Amino acid sequence: MDAKIIAAGHAHVQLALAVQKSTVKFLNAKAAGATEDELTHLWSIAAGGMKMQGIFVKNLIDMKTAMARGMAASRYISVANERDAAPLFELMQRGEKLGHNSGDDVRQLIAEAYLIMPDPTKQSSFVRELASKGTLTANIVVEAYVNGLLANPVTHMVNILSNALNGAMTVPERALGAVAGSARARIRSNAGRLPEERIRFGEASSYAYALISTFGDAFRAFGQAYKTEMPLDMHSKLEMPGRSITAENVARLIPGMDADGAFARGIDWMGKWFVRQPGRLLVSEDEWFKAIFKRAEQKALAYRRGVELVEAGMSIEDAAREVVETIMVNPSQQVKMRMSEASLQRTYQQPLEGGMARMSPFMTSPWMKPVTPFYKTPTNIAKALIDRTPVPLLDVLWGKAGLGDGFIGKLGLSDFQKAMDAGGPAKDMALGKMAFGSMLLGSVWLLMETLEGDQQIEGKGDIRITGGWPEDKKTREAWQRAKIQPYSVHQRNSDGTWTAASFSRFEPLSGLLAMVADYRQLEKYETPENLSDIMFAMTSGMYNYVGSMPMMQAVEKISNAVAYRAKGVDGLEALVGAATKVYAEAG
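For clarity, every value in this text was computed on a predicted model and none was experimentally measured.

(A) A look at the packing of helix 7 (residues 153-190) against helix 8 (residues 203-211). Contact geometry of helix 7 with helix 8 gives a least axis separation of 8 Å together with a crossing angle of 165°. As summarised for this structure, helix 7 and helix 8 are arranged roughly antiparallel, according to the angle between their axes. The crossing of helix 7 and helix 8 is left-handed. Facing Gly167, Ala168, Thr170, Val171, Arg174 and Ala175 of helix 7, the residues of helix 8 in contact are Glu203, Ala204, Tyr207, Ala208 and Leu211. Taken together, the residues of the contact of helix 7 with helix 8 break down into seven nonpolar, two polar and two charged.

Written out as structure tokens, the structure is:
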């Protein structure tokens, strides 16, 4: 139902824009001295559109009242109240009374009244964003800039690998979650409490099978997203208001340009097939994976429900029929919601929460795009990383001490505490993630020790694994001369320089690699004196790594200018220079 209401809201915006366009066309033709037949034809289109819009808005209001009460999706319906729609209804009623055969003066009066009345589409955030020519210009520049950042094929390879790895990691995490669920069920049973929903052991194999057997759904989703240039569920890694490089938008900025002319059609073609092609592919790639993750979650939920029914005394055959009917063929709204949430989490597209959500309007504004071309995705990557480490336990300890909600959860960088409070499968999955991530930390440390050992301290060896940039300026410059990069695995070349492979190609494992690499760097070269030094190294590794991600490099440049700037006027000049360089490169 949410998707239908959202689609209706967007359809109204497009209808209102079309009616507005046809009305302007009629007035322009009349001013240019068009023939009566042409004017009658154009007026019939405009008047018919006005009438249709009035009916559409009335139906939207009825829909919101009857079906969308209390639903979050109702906010997507523009002009869904009587007060805002009243001028439109009044105009429609007058038009009906006058009829379509009215004289030129009456037709012009109605057309001009339509254009100057409170525009219903301006209630839409999308149209409101386009209302200012300055903002429109910025959106066009941002669309070209962001798609330019995505033009490198390596970016798409990393995105595909990242989604695949995050989905694959769900299998062992779900298995460990089943262990937690089994232990929890035994504790409840011993305490004489009723069982509650939990993750089952067979879910991991059901999920894994679905990952490799759902390509039909995936290709259909890819094709639909590529054709429409829109995600199927309104969620995307592209944080832009919509398609900006279009004939209609450019015509608004260029006086006298015909939005339907040959030049305008060329702009539409260039925007669709050239400028937006990288972003179009990114959206389609994510829809491919979301289709797989949805089906995998559905199969896991079906297995869980089947086991519950059999344990309740139903035969295996009856349980199978019940599961197929209620989960696979006609899934409930709750099942659909779980499928959607799972697909968004595994492609890093879930809505932000807490402090990060409150910062989103500023961080995603057109004027911040040169600094943060992407905001939601790196935030969700950091969130996925944190939830796979013991760090969220600090929030639990904070709550146990009676100090309220933990800082990490309030900031919106961890779902662990929320999952623990919710209980059930969410709690099992949170524990499974943390357990698997902690096991990976130990495994990664062992692997790095095996590959590198102590040879780098002695200046030997052909493999080198680095954490963040050294704080010492001379050491940083030595790294740069030798082509050593932060958060990378290096192989020595014959001339003494190094070839680097960045951790960023292995999201979300890359964050765990960065944390261990920073700890090893501290351990080998600075010798931490206590546990707090180790914890600081690992958490700062998390922060430094997020800043080194390709989508956050502009932020890193400015933060490094702050961290490593000289004192006084020279430091201020360096900071201003870094910020200027970021915006100049964007332009």
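(B) Here's a closer look at unusual backbone geometry. With phi around 60°, Tyr348 is a residue other than glycine that occupies positive phi space. In this structure, Tyr348 sits in the loop between helix 14 (333-346) and helix 15 (354-363). Residue Tyr348 is classed as buried on the basis of its relative accessible area of 1%. Its identity is not glycine, yet Lys483 carries a phi of approximately 60°, on the positive side. Along the chain, Lys483 falls in the loop between helix 21 (473-481) and strand 2 (488-492). Judged by relative accessible area, which is 52%, Lys483 ranks as exposed.

(C) Local environment of the pairing of strand 2. Relative to strand 2, strand 1 (residues 463-465) is paired through three bridges, and the arrangement is antiparallel. Bridge pairing in strand 2 places Ile463 opposite Gln491. Sheet topology places strand 2 next to strand 3 (residues 498-502); five bridges connect them, and they run antiparallel. Of the residues in strand 3, the one forming a bridge with Arg492 is Trp498. Once strand 2 ends, the chain turns through five residues before running back antiparallel as strand 3, passing Gly496 with a positive phi of about 95°.

What counts as what
- Residues numbered from 1 in each chain as written.
- Predicted model: local features only at pLDDT ≥ 70, side-chain atom pairs only at ≥ 80, totals over all residues.
- Heavy atoms only, no water.
- Axes fitted to C-alpha atoms, helices over the stretch in contact; angles between N-to-C directions.
- Helix = DSSP H or I, 4+ residues; strand = E, 2+ residues; numbered from the N terminus.
- Parallel < 35°, antiparallel > 145°, perpendicular 65-115°, else oblique.
- Left-handed = near helix turned anticlockwise from the far one by under 90°.
- Contact = heavy atoms within 4.5 Å.
- Nonpolar A, V, L, I, M, F, W, Y, C, P; charged D, E, K, R; others polar.
- Buried < 20%, exposed > 50% of the residue type's maximum accessible area, 1.4 Å probe, protein only.
- Pairing = 2+ DSSP bridges.

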